[in-house]
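Read off the chains here:
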Amino acid sequence: IVPGTDMKVIAVDTNIVPLGTNVYVEGLNGAPSYGYAVAADTGSAIKNYKIDLYMDTHQQALIWGRKTVNLYILGE
């Protein structure tokens, strides 16, 4: 991941979404969408249907906050 390149990566539970899967993350209830991304990371807190979105800065992550989203699987 190179900050500032608009590359979008999410962390997933690989039992649910395999690494390398292309996805679309849609915001709900008027929230903005994260958009097209690739599942390319995991994390100890990422279990079942939780995902984690990569943000370039800590401030962007704070602004995004915690949301319920739709995750569309597009393929590997």
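Counting of residues starts from 1 at the beginning of each chain's written sequence and follows it residue by residue. pLDDT decides what is reported in this predicted model: residues at 70 or higher carry local features, side-chain atom pairs at 80 or more are listed and counted, and totals for whole chains, interfaces and linings draw on all residues regardless. The basis for every side-chain value is the complete set of non-hydrogen atoms in the structure, without hydrogens or water.

A. Representation of unusual backbone geometry in the model. One non-glycine residue, Asn 29, lies in the positive phi region at around 55°. A run of H or I in DSSP counts as a helix once it spans at least four residues, and a run of E counts as a strand once it spans at least two, with each numbered from the N terminus. Considering the arrangement of structural elements, one finds Asn 29 in the loop between β2 (22–27) and β3 (35–41). The phi dihedral of Asn 48 is positive, around 55°, even though this residue is not glycine. Mapped onto the secondary structure, Asn 48 falls in the loop between β3 and β4 (52–53).

B. How the structure looks around the sheet that holds β3. We call two strands paired when DSSP finds no fewer than two bridges between them. Ordered by their spatial adjacency, five strands build an open sheet running β4-β1-β3-β2-β5, and the pairing between neighbours is mixed. Across the chains shown, the open sheet's two edge strands, defined by having one partner strand only, are β4 and β5 (69–75). Bridge analysis of β2 against β5 gives six bridges, and the strand direction is antiparallel. Its bridge partner being in β5, Tyr 24 is matched across the sheet by Tyr 72.

C. Layout of the environment of Val 23. Mapped onto the secondary structure, Val 23 falls in strand β2. For the pair formed by Val 23 and Gly 75, sequence separation is 52 residues and the distance between their alpha carbons is 7.2 Å. Leave out the neighbours within four places in its chain, and Val 23 touches Ile 10, Gly 35, Tyr 36, Ala 37, Leu 71, Tyr 72, Ile 73 and Leu 74. We call two residues in contact whenever any of their non-hydrogen atoms come within 4.5 Å of each other.

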